[in-house]
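Descriptive analysis of the structure
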Amino acid sequence: MVLEERARSSLLRLRNKLEQDIKPPCLMDHMITDGAMTGDEEEKIMTQPNRKDQAAALLNLLLRKDNCSYISFYNALVKEGYNDLACLLRADLPHVSSEVHNGSSGHSTSYVQAMLSEGGVPQRPVVFVSRQELINQVRLKLYQLQNDSGWVTIYGMAGSGKSVLASEAVRHPQLIKECFPGGIHWLSVGQLDKPDLLVKIQSLCFRLDQSLDEKSLPPNSLDLAKERLRFLMLRKYPRSLLILDDIWDSSVLKVFDVQCRVLLTTRNRSIADSVGGVKHEVEVESGLDEKKALEILALYTEKKPQTLPEEARDIVRECKGSPLVVSLVGALLKEKPNRWLYYLRQLQQKKFKRIRKSSSYDYEALDEAMAASIEVLPEDHQNLYKDFTVLEKDVKIPAKVLSILWDLEPEEVEDILQEFVNRSLLFVDIHSKPHLYYLHDLQLDFLVEQNRDQIESLHAKVVHQYQNHYRDGPPTSGDEECHYWIRFLTYHMAKANLSLELYSLMFSLDWVSVKARIMGPALLINDYVEHGSILDKENSEVRSQFQEFLSLSAHHLEQRPFPDVIQLALSLPHTSEVYRQARQQAQNRAKNGKLYFDLVNKSSVENLSRLVIHPRQGSIYSACFSHDGTKVASCGASKMLKVFKSTSGERLAEILAHDEEVLCCAFSSDDGLLATCSSDRKVKVWSAEQGKLLKAFPEEHEEQINHCEFTNTTRLLLLATCSNDEMNNVKLWNINKPGSQNTLFGHFKPVKHCCFSPDDSYLSTSSNDGTVKLFQVPSANEWKTIKVKDMISDCDNEEVFVKCSTWTSDCKRIICATIHGVLVFDVETTDLLLEIKTNRLGTVQYCHACPTSNLLAIAFSNYTVELWDLEENKKRADCSGHLSWVQRVQFSYDGSQLLSCSDDQTVRLWETKKVHTSSAICLKRDSDVVFNGEEVIVSAADNCNRLQVRDGRTGSVLFQSEETSSRIRCTCLSREPSAVGLGQENGSVRVLEVPSGKLLATLLGHTKTVLHCQFCQSGQTLITSSEDTTIRVWKWQSGECKVLQGHKEQVRCFSLLSDSTNDSRLLSWSFDSTVKVWDIESGTKLQDIEAHQGAILSCHVSPDRCLFATTSADKTAKVWRCDSWQCAYTLKGHQECVRSCRFSWDGQRLATGDDNGEIRLWRVKDGSLLKICSQDGKDGMDSLHGGWVTDLHFSPDDSLLVSTGGYIKWWNVVKGETLQTFYPTGSALKKVHVSADFSTFVTIDNIGILYILQRVV
């Protein structure tokens, strides 16, 4: 059989593309298995020097071969994932109509029909959909029987379409002519006893004898029947094919082992092991794809597939495309075409007996077909198979789990599972290591229906077997067996109604730690949501405490290395059961030297967000709620669209949506669709349930598309988009039309946002031209223009960009956001009703009005979200927690929740009522602390530009100044006298009495921002440094001042060389790369040292005052001698700016920290490197320490080191290993204040939260 001309032309036409793309070794493996090429041919091809030459040789070989080889090559492309190339070849696959037999195709067709009819081959079903790739596979195997006898086995589960496939494969004139000219003989077998089997063979022999006009007595035993059949097949029909349909028993198959050519269908893959000869097999997938399944339903109901109701797709999904179920339902719908929803419900409710229809199939109802497969198992294996009833759908299980469940050796379990697989009662994923086993949904549904009254006891068996096996604690190996138990143990307990066991497990911090480390936090949170009704019967408050802890710690629990759960829980309120367990475990472990730190001032740390989701997709530009509030979608810089459960953060879908950054995503009003738009100028619509691409609109926008939004109501489904185009920048799309429905003209600069009014009557568009336009949706005509730029009073002739707009629920007001502020307009008159003066350091990024209240959420570039009451024009709350620009905010449609997404790669969910009632005061990071016994006194400026002095342990405010007009930039405390000093941006310095707040002194002299201040000499002297390049030494009570001048750039800090009153020397360092030594008594400069090639970032004096160290932006640190002011060593090795340094108390070591989060420990004696810390991997902030290493302190015995960056870390100095990490709510810690005994640590994060940490002992 030569290669058809059409197929040959296809290979020649596509030759260059094929040679460029294909990898021949992978393809040839499949072709050799099909018998389409030999091992020698493969070896010859593999001698070619490179992949492209190998591909050329393979194509040359194909051009010399036949149709079978072309089909085998096509199937190999499909299997190896070359779907685009396979599609190009598909149109030229050899077809029946192109083959000839004895002349014309008409003669050929009648010849085939006559032969198949004589052989008893069933006619093609009235409703038939071709599965061409599977048919091609069967035909390729049949061609292997052309010259020799053998077996081709088609196997698959009940109702997968094996019989139709077998009959269709032989409906091929060329195949019959070349391989089986003696005829095709079909025998339906099924489940038979010996007498029935004898009758079947007698009937077959009679049919074969009758066709030759021979008269002979029928054989009266199976042995005689087998010999008679052998004689007929070898002598009378030597080149014919015997088709045995529905073989169940190997003993039955042995009767047909007569050295002829056999095609058989079966549910048991291994059934041909009992016979001799060459064997081939084809596996039939359990389900049709959605397109083919819908085609069957369309043929039955005489509709076009695209006009079928939505229930049609639901039916296909429910039965996973089972050909049997689809056909049964289709036949029922043919008679009752209005029962789509009824039959869908029957499937969903597992009422299989209702899905019945007389047909050519042997079983009237679906449950009968599946029961038949199980009944042939040995009784003990039937009982084992029953245990699969407890599985969840789409869950794969390793053999080790079943070994524990059945209390059998793993090898014995594997043998039993293989038997189930061979009988198509179970499926195996051979690509996983170890192999994983699973059921088809229909099989699982059947088991659940059959064993409904035993479900509780079956689940209890699973739990008890687990408890017997894992008496010492849960598995932690992280393999597939461990994953199954950790993921599904709570599910089995709940289904078994083992409430006490469930309470004990889920109210245990040990279990939380194990499951979060192995499975991640989302599934764990989902457990508390799913089993909440059971847990609440025991203690709803404890359930809520565990769930809240996990929700707020989720982004930490996703990090690697995995954080210490006990340390995380020590930040919870003292009344929490989670804290109680953590505290007890911390105390027990502290006895063995483990470090833990209790957050003392818990009342000052408010966790307002309900859930933190970390999608790990770079900056997140957009996030949105589904209309029912159960899902959150997010998109951003990673080009991905991701969907999560809003209750737990569990990931539901992950889609590579675009070729460039995805700028916006939006749910449709019925939550069935998700739209995305991108910098790649494309608009796409996805199935929200399945994550499949439903529509990719043509590229009508010429620039990036900034925003997309669906209409709010189901009566009208439109999608609006806006872009950076200068003209065609706003479009309306109907997803049932190929292109845009309307283009809305009016803006001549980029449009950043578009928004439908709640009733969908209007679309508002916000543009860089400084206006918001309102368009009538039905006509697409411009209705009104709001000139926002004319209403901005303080923009100083800058361009005004309108970033977004949002409607109030009554459609009467529209709120517009610009970087300068937020304005509220009357829709009817376009009058300005309200201007919200945010008075923030950051710019407005976005705003959204609550659909059910007067609240407005505003997102800012300085990491915060504010909630405002529109009626009262009053701020209600600050929502702090993000670590970078907040890009988007949105209320849920019922107004109960608010989400925010940020460049910090997180989405935060907030409960509106909780944040509405709270607004925390935030402190600035420039602070000072005095430790006085157990007392901790903290001074810092707050976000209202007031100076606060607090009792750190209780959180009570000892003193609070009036709001100042100039920003407070630094502060320092004095014990005696009890006073606080502060430096301001306008250069002034003030000293206040504590706690009275009485102004003791105002010190004027600096001309620019005061950067650092410090009391010395028993509080009588105050030293300050400034951006004006000077240092001033004040006798603040008298106002006397000495000015230390000499630096050329700002002086950020300084240090006294000694605490002694006899040593008046002071070191100062600056961005001018110099260190200067001063006598503060005389005001003279003692030494001027050109220390580095870049700005000096830190300096520290050794405890013995003999050395000092400097670090610089030039990536080096240096050690200097105080006696000669000469450099002793230059320490090189850091790859980024060296930000901080600290000598150990014994003076033997120096620690340095850089902007990549790396800490190095050096030997002071010779400048050699001792250890590099922080080498355990980068985190989500792309740093080894969550940010710059800004501060370092050794413990008094020099065994421990504490460092600050994005968080606080404690280190073992000798080993350079992390001992503990504390994660603040915010980030970017500037310094940590440490008590003399190394037991108390104080810091403030970048969102203004104060932390007082006490070591647990």
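Under an unreviewed UniProt entry, the name given to the protein chain is Apoptotic protease-activating factor 1, and the organism recorded is Kryptolebias marmoratus. Recorded in UniProt for the protein chain, the comment headed Subcellular location (unreviewed entry) runs: "Cytoplasm". A UniProt comment under Subunit (unreviewed entry) is attached to the protein chain, and it reads "Monomer. Oligomerizes upon binding of cytochrome c and dATP."

1. As for the overall build of the protein chain
Helices and strands together make up the secondary structure of the protein chain, namely 32 helices and 68 strands. Dimensions of the protein chain, computed from the C-alpha atoms along their principal axes, are close to 135 × 75 × 70 Å. The proportion of buried residues among the 1257 residues of the protein chain is 58%. Sequence-distant contacts in the protein chain: of pairs separated by 6 or more residues, those separated by 24 or more amount to 53%. With an accessible surface of roughly 52000 Å², the protein chain has 46% of that area assigned to carbon and sulfur atoms.

2. Some remarks on the side chain of S69
As for its placement among the helices and strands, S69 is situated in helix 6 (residues 67-79). A polar contact of 3.4 Å, which involves the side chain of S69, links it to the backbone oxygen of A36. When near neighbours in sequence (up to four residues on either side) are disregarded, S69 contacts M31, A36 and L62.

3. Here we look at the domain arrangement of the protein chain
Assigned domains of the protein chain: these are domain 1 (5-91), domain 2 (110-284), domain 3 (290-366) and domain 4 (609-710). Distance between the C-alpha centres of domain 1 and domain 4: 39 Å.

4. Here we look at the environment of L1200
Residue placement: L1200 occurs in strand 63 (residues 1200-1204). L1200 has contacts with L595, H1193, F1194, S1195, W1211, V1213, L1219, F1238 and R1255, leaving out every residue within four places of it along the chain.

5. Digging into empty space enclosed by the protein
Here the structure, examined in full by the defined rule, presents 7 cavities of 30 Å³ or more. The computed volume of the largest cavity comes to approximately 80 Å³. Lining of the largest cavity is provided by M157, A158, R267, M370, S373, I374, Y385, S424, L425, Q443, F446 and L447. In terms of residue class, the lining of the largest cavity is built from 8 nonpolar, 3 polar and 1 charged.

6. Focus: unusual backbone geometry
Following E976, the chain continues to P977 via a peptide bond in cis, the omega torsion being -5°. In this fold, P977 is placed in the loop between strand 42 (968-974) and strand 43 (979-984). Phi is positive for R1105, which is not a glycine, with a value near 65°. Structurally, R1105 is set in the loop between strand 54 (1096-1101) and strand 55 (1107-1112). Taking relative accessible area as the criterion, R1105 reaches 27% and is therefore assigned partly exposed. Positive phi, normally seen in glycine, also occurs at W1125, with a value near 60°. Following the sequence through the fold, W1125 ends up in the loop between strand 56 (1117-1121) and strand 57 (1127-1131). A relative accessible area of 13% means that W1125 is categorised as buried.

7. Re a negative patch on the surface
On the surface, D407, E409, E411, E412, E414 and D415 cluster together to form a negatively charged patch. Along the polypeptide, E409 turns up in the loop between helix 21 (399-406) and helix 22 (410-422). E409 sits in the exposed class, given a relative accessible area of 53%.

8. A few points about the layout of surface pockets
It is a probe the size of a water molecule, rolled over the atoms, that shows where empty space is left. A volume near 1800 Å³ is recorded for the second largest pocket. What lines the second largest pocket is a set of 49 residues, among which L134, Q137, E283, V284 and E285 lie closest to the centre. The set of elements that each furnish at least two residues to the lining of the second largest pocket consists of helix 3 (24-34), helix 6, helix 9 (132-143), strand 5 (278-283), helix 15 (290-301) and strand 7 (427-429). The dominant element in the lining of the second largest pocket, judged by the number of residues it contributes, is helix 9, at 6 residues. Among the residues forming the lining of the second largest pocket, the class breakdown is 16 nonpolar, 15 polar and 18 charged.

9. Considerations on the sheet that holds strand 32 (residues 855-860)
In space, the 4 strands of this open sheet follow the order 31-32-33-34, with antiparallel pairing throughout. The open sheet has two edge strands with one neighbour each: strand 31 (844-849) and strand 34 (874-879). For this sheet, the mean angle separating the axes of adjacent strands, direction not counted, is 25°. Across 5 bridges, strand 31 lies against strand 32 in antiparallel orientation. The residue of strand 32 that forms the bridge with C847 is I858.

The rules behind each value
- Residues numbered from 1 in each chain as written.
- Predicted model: local features only at pLDDT ≥ 70, side-chain atom pairs only at ≥ 80, totals over all residues.
- Heavy atoms only, no water.
- UniProt positions renumbered as here; feature names shortened; annotations may be inferred.
- Helix = DSSP H or I, 4+ residues; strand = E, 2+ residues; numbered from the N terminus.
- Buried < 20%, exposed > 50% of the residue type's maximum accessible area, 1.4 Å probe, protein only.
- Contact = heavy atoms within 4.5 Å.
- Areas by Shrake-Rupley, 256 points an atom, 1.4 Å probe, with all protein chains shown as cover.
- Polar contact = N/O pair within 3.5 Å; in protein donor to acceptor, adjacent residues only side chain to side chain.
- Domains from an automatic or database assignment.
- 1 Å grid on protein atoms, 1.4 Å probe; cavity = no way out; pocket = protein on both sides within 12 Å on 5 of 7 lines; lining within 4 Å.
- Points joined across faces, edges and corners; volume = space filled by probe spheres on them.
- Nonpolar A, V, L, I, M, F, W, Y, C, P; charged D, E, K, R; others polar.
- Patch = residues over 30% accessible without salt bridge, like charges linked within 9 Å, V, L, I, M, F, W, Y side chains within 5 Å.
- Salt bridge = Lys/Arg side-chain N within 4 Å of Asp/Glu carboxyl O.
- Lys, Arg positive; Asp, Glu negative; His and termini not counted.
- Charge placed at Lys NZ, Arg CZ, Asp CG, Glu CD.
- Pairing = 2+ DSSP bridges.
- Axes fitted to C-alpha atoms, helices over the stretch in contact; angles between N-to-C directions.

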